[in-house]
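Report on the structure
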Amino acid sequence: MIVEVCANSLESALNAEKAGADRIELCMELGTGGITPSYGLLKSVKEALSIPIHVLIRPRSGDFIYSDTEFEVMKRDIELCVELGVDGIVSGVLHKDFTLDIERTKELMDMAGYLKFTFHRAFDLVGNPFKALKQLEDLEVDYILTSGQQKSALEGMSLLLDLQKKTSKCTLLPGGGVREINAQYFKDSKFKAIHMSGIKFRTKLENSPELSMNTLSFFREDKVAITDTKTIQDILKVVK
């Protein structure tokens, strides 16, 4: 069984390799479902690790419906990954009706070339997972990362098992809440791979700061925060 560890830092990546993980999915900001890692992190991990590195290509948190400018950024990030010689890309695009955006996903796959391609948990938002599975098989996606359209892979086990019966071309990658207390269940169910983070929180400060740098209103599934031209113009009129 392949054990893929979702690593959010150089230290996490090194710990995953030290523990014996088969490969990592490199990303940042696990609390938002992950976004594309920085160039510095990507290059540092590539230089430090000997196990395969798959890189998440997701320009922001929230939905998986991307503007033209966001999509261009995703393509540039894949170009960089190819240049650095990573082993795989983790990405995918949906339409506004939560169907698979076949054209754009294929474009990302074409740019990834020989790299392995994982369609990520955007799969958990599609309305017809079996239709999406067939479409991804036709695209020749290597892996599908999914929690079975539930909060955790254990809760989504019924759909995961049904999907596994339907496919012989894609490897399902159950992810979401996979831990040491339930990993055996996925092995017994004959899955070929699992995805986990193995995160434990470490105390860094003796006292918590009085002012938080987190803004909870930014964490929305149905809205995206974008700098507004008129708002900036209005402020410029005041201060200039």
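Report follows, based on the coordinates. (Residues numbered from 1 in each chain as written. Predicted model: local features only at pLDDT ≥ 70, side-chain atom pairs only at ≥ 80, totals over all residues. Heavy atoms only, no water.)

Here we take up the nonpolar core. Counting residues in hydrophobic clusters, the biggest one holds 54 residues, and the most contacted among them are Ile24 and Val141. In terms of residue count, the dominant contributor to this core is helix α3 (residues 68-84) (5 residues). Setting aside residues up to four positions removed in sequence, valine 141 forms contacts with Met109, Phe117, Phe119, Leu136, Lys169 and Cys170. (Core = buried A, V, L, I, M, F, W, Y, C linked by side-chain atoms within 4.5 Å. Buried < 20%, exposed > 50% of the residue type's maximum accessible area, 1.4 Å probe, protein only. Helix = DSSP H or I, 4+ residues; strand = E, 2+ residues; numbered from the N terminus. Contact = heavy atoms within 4.5 Å.)

Bringing the state of the cysteines into the picture now. Using the criterion set out here, one finds 0 disulfides in the structure. Cysteine cysteine 81 shares no disulfide, and the gap to the nearest cysteine sulfur, in cysteine 27, comes to 12 Å. (Disulfide = S-S within 2.5 Å.)

What follows is about the pattern of salt bridges. Within the structure shown, the criterion is met by 14 salt bridges. One salt bridge connects lysine 134 with aspartate 138, and the closest N-O pair in it is separated by 3.0 Å. Placement of the pair is lysine 134 and aspartate 138 together in helix α5 (residues 129-139), with a separation of 4 residues, close to one helical turn. The salt bridge involving aspartate 234 is made with lysine 230; its shortest N-O contact spans 2.9 Å. Taken as a pair, aspartate 234 and lysine 230 lie in helix α8 (residues 229-239) at a separation of 4 residues, close to a single helical turn. By relative accessible area, which is 32% here, aspartate 234 ends up partly exposed. For lysine 230, a relative accessible area of 52% gives the class exposed. Salt bridges linked by common partners bring Arg60, Asp63 and Glu70 together as one network. (Salt bridge = Lys/Arg side-chain N within 4 Å of Asp/Glu carboxyl O.)

Bringing the packing of aromatic side chains into the picture now. What the rule picks out here adds up to 2 aromatic pairs. Summarising the aromatic geometry, the rings of phenylalanine 186 and phenylalanine 191 are spaced 6.2 Å apart at their centres and angled 55° between planes, so their arrangement reads as tilted. In this arrangement the basic side chain of arginine 23 is found over the ring face of tyrosine 143, its NZ or CZ atom lying 4.2 Å from the centre. Over the face of the ring belonging to phenylalanine 71 we find arginine 104, whose NZ or CZ atom lies 4.4 Å from the ring centre. (Phe/Tyr/Trp six-rings, centres within 6.5 Å; stacked < 30°, edge-to-face > 60°. Lys NZ or Arg CZ within 6 Å of the ring centre and 35° of its normal.)

The next point concerns helix α1 (residues 10-19). Listed in full, the buried residues belonging to α1 are Ala13, Ala16 and Glu17. Seen along its axis, α1 keeps its buried residues to an arc of 95°; they face one direction. Of the exposed residues in α1, those oriented more than 90 degrees away from the buried face are Lys18 and Ala19. Those residues of α1 hidden inside the fold are in contact with β1 (2-7), β2 (23-26) and α2 (39-48). Residue glycine 20 follows α1 closely and has a positive phi angle near 105°. (Arc of directions from axis to C-beta.)

Our focus in this paragraph is unusual backbone geometry. One non-glycine residue, phenylalanine 98, lies in positive phi territory at about 65°. Along the chain, phenylalanine 98 turns up in the loop between β4 (88-91) and α4 (102-112). Looking at phenylalanine 98, the relative accessible area reads 36%, which means it is partly exposed. Even without a glycine there, the phi angle at glutamine 149 is positive, about 60°. Topologically, glutamine 149 is positioned in the loop between β6 (143-146) and α6 (157-166).

Here we come to a nonpolar patch on the surface. The grouping of Ile232, Ile235, Leu236, Val238 and Val239 at the surface amounts to a nonpolar patch, some 470 Å² of accessible area in total. By the element assignment, valine 238 lies in helix α8. (Patch = residues over 30% accessible without salt bridge, like charges linked within 9 Å, V, L, I, M, F, W, Y side chains within 5 Å. Areas by Shrake-Rupley, 256 points an atom, 1.4 Å probe, with all protein chains shown as cover.)

Direction vectors running N to C along α2 and α3 enclose 20°, while the axes themselves pass 11 Å from each other. Classified by the interaxial angle, the pair formed by α2 and α3 is roughly parallel. Judged by the twist between their axes, the crossing of α2 over α3 is right-handed. For the pair α2 and α3, the contacting residues are Tyr39, Leu42, Lys43 and Lys46 in the first and Leu80, Cys81 and Leu84 in the second. (Axes fitted to C-alpha atoms, helices over the stretch in contact; angles between N-to-C directions. Parallel < 35°, antiparallel > 145°, perpendicular 65-115°, else oblique. Left-handed = near helix turned anticlockwise from the far one by under 90°.)

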